[in-house]
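Overview (structure and organization)
Listed here are the chains, written in short residue letters.
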Amino acid sequence: MCNNCNYTIHGRHHHFGWDNSFAPAERVAPGSTIEFECLDSSGGQLTANSTVGDIAKLDFDQINPVTGPIFVEGAEPGDALKVTIEAFKPSGFGWTANIPGFGLLADDFKEPALNIWKYDATSLEPALFGKNGRVPLKPFAGTIGNAPAEMGHHSVVPPRRVGGNLDIRDLAAGTVLYLPVEVAGALFSVGDTHAAQGDGEVCGTAIESPMNVVLTLDLVKDARLKTPRFTTPGPVTRHLDAKGYEVTTGIGPDLMTGAKEAVAQMVDLLSRRYQMDPVDAYMLVSVCGDLRISEIVDMPNWVVSFYFPRCVFE
């Protein structure tokens, strides 16, 4: 546990979806440092012993639990919750899956697939993928946010203006995140922890991994923030940059189509070059490849690029 934390919120204090009527797991003063025990996005349904057959057994009502909510004293609508991401305590276990009907290339990959990861939770050395792949790790929380103002129960799947399922890889240790507050107390929750992910999380899953998260929650009064923003402590891709990148592109008048084309070409390149099953290449690029909008002004066509770090195989 965290020796310098004011509170520990155990994993049993989790909920599914967002609802501003949920009772707080704890009430804290601004400036409190809290350790959260976070479940993986399957809510423990997938384990180190799971097989691909377990994908069909997933209960999607139990997907993406978040730990909380936390009532921050003095937080009012119009304020911003300042979240300083202090540290992660990874578990050493993770999984990546192709879930039929989910992911950017769902029309191309209709059968379930599963990769179980084991990694060193202390050293965070790159995790092995197959015989030759080594994926650099960068822990972060995929879902992190406040309760929305709208009454009722809301799905955790789409991201929201108060945060939620953002899946931003750079919400890692050292980053400071600012979230709009829409209800008294903010009602902050966090979960969906990942050991690594590429920008885009293109197959729909990253290295989904249970872990503890240490955060400091503070307030910026009357910030009038419309959507989340954050500040990183330094470079954000140095864990991937050393050997350069292979890059594919998608070009056309629709960004979503361009993104699909760029990813599909990378899947094809890797599967041919390294004699991989295409679905394995698809899951691999989801955990370490980055989608980027390279050009969006030269109408009628835009350019989407997909960057795959060469260090994975070199």
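Since we're looking at a predicted model, the values are computed, not measured.

A look at the overall build of the chain
In terms of regular secondary structure, the chain is built from 2 helices and 19 strands. Against the compact-globule benchmark of 20 Å for 314 residues, the chain has a radius of gyration of 19 Å, which places it among compact chains. Classification of the 314 residues of the chain by burial places 53% in the buried group. Put simply, 78% of the contacts in the chain that link residues at least 6 apart link residues at least 24 apart. Charge separation in the chain, taken as the distance between the mean sites of 24 positive and 38 negative side-chain charges, equals 4 Å.

Quick word on the sheet that holds strand S16 (residues 229–231)
Spatially, the 6 strands line up as an open sheet ordered S1-S4-S15-S6-S13-S16, and their pairing is mixed. Of all strands in the sheet, those with a lone pairing partner are strand S1 (7–9) and S16, marking the two edges. Strand-to-strand twist of the sheet, defined as the mean angle between neighbouring strand axes without regard to direction, takes the value 25°. Pairing of strand S6 (residues 80–90) with strand S15 (residues 211–220), which is carried by 10 bridges, proceeds in the antiparallel orientation. Considered in S15, the bridge of Pro90 is made with Met211.

Concerning the nonpolar core
Nonpolar side chains tend to gather and get buried jointly when the protein is soluble and globular. With 64 residues, the main nonpolar core has Leu81, Val83, Val135, Phe188, Leu215 and Leu284 as its most contacted residues. Sorting elements by how many residues they give to this core places helix H2 (residues 278–288) first, with 8 residues. Other than its neighbours up to four places away in sequence, Leu284 contacts Phe129, Val135, Met276, Phe308, Val312 and Phe313. If you look at the next biggest cluster of nonpolar residues, it comprises 7 residues, including Ile55, Leu58, Trp95 and Ile99.

Considerations on the sheet that holds strand S18 (residues 290–295)
Taken together, 3 strands build an open sheet; the order of strands is S17-S19-S18 and the sheet is antiparallel. A single partner strand is all that each edge strand has here, and the edge strands are strand S17 (245–252) and S18. Sheet twist, expressed as the mean angle between neighbouring strand axes with direction ignored, is 25°. Packed on one face of the sheet, helix H1 (residues 255–273) meets S17, S18 and strand S19 (302–309) and runs near 145° to S17.

Focus: the packing of H1 against H2
Angle between the axes and distance between the axes are the two parameters that describe a pair of packed helices. H2 packs onto H1 with a crossing angle of 120° between their chain directions and a minimal axis gap of 9 Å. When the axes of H1 and H2 are compared, the pair comes out oblique. Pair H1 / H2 crosses with right-handed handedness. On the side of H1, the interface is formed by Val263, Met266, Val267, Leu270 and Ser271, while H2 contributes Pro278, Ala281, Tyr282 and Val285.

Notes on the pairing of strand S14 (residues 186–194)
S14 sits mainly inside the fold: 9 of its 9 residues count as buried. Pairing analysis gives 4 bridges linking strand S5 (residues 66–72) to S14, with the strands arranged antiparallel. In the sheet register, Phe71 faces S14, and the bridge partner there is Ala186. Where strand S11 (residues 140–146) lies against S14, 6 bridges are found, and the strand directions are antiparallel. Its bridge partner lying in S14, Gly145 is registered against Ser189.

Observations regarding the pattern of salt bridges
Counted by the stated rule, this structure contains 16 salt bridges. Residue Glu73 pairs with Arg27 through a salt bridge whose shortest N-O separation is 3.2 Å. Pair noted here: Glu73 is in the loop between S5 and S6 and Arg27 is in strand S3 (residues 26–28), with a separation of 46 residues, a long-range link. Among the residues examined, Glu73 registers a relative accessible area of 33% and is labelled partly exposed. A relative accessible area of 44% means that Arg27 is categorised as partly exposed. Note that Glu150 and Arg161 form a salt bridge whose closest N and O atoms lie 2.7 Å from each other. Highlighted residues: Glu150 in the loop between S11 and strand S12 (163–165) and Arg161 in the loop between S11 and S12, separated in sequence by 11 residues. Residue Glu150 is classed as partly exposed on the basis of its relative accessible area, which comes to 36%. What emerges from the salt-bridge pattern is a single network uniting Lys138, Arg169, Asp170, Asp199 and Asp290.

What counts, and at which threshold
- Residues numbered from 1 in each chain as written.
- Predicted model: local features only at pLDDT ≥ 70, side-chain atom pairs only at ≥ 80, totals over all residues.
- Heavy atoms only, no water.
- Helix = DSSP H or I, 4+ residues; strand = E, 2+ residues; numbered from the N terminus.
- Rg over C-alpha atoms; globule rule 2.2 N^0.38 Å.
- Buried < 20%, exposed > 50% of the residue type's maximum accessible area, 1.4 Å probe, protein only.
- Contact = heavy atoms within 4.5 Å.
- Lys, Arg positive; Asp, Glu negative; His and termini not counted.
- Charge placed at Lys NZ, Arg CZ, Asp CG, Glu CD.
- Pairing = 2+ DSSP bridges.
- Axes fitted to C-alpha atoms, helices over the stretch in contact; angles between N-to-C directions.
- Core = buried A, V, L, I, M, F, W, Y, C linked by side-chain atoms within 4.5 Å.
- Parallel < 35°, antiparallel > 145°, perpendicular 65-115°, else oblique.
- Left-handed = near helix turned anticlockwise from the far one by under 90°.
- Salt bridge = Lys/Arg side-chain N within 4 Å of Asp/Glu carboxyl O.

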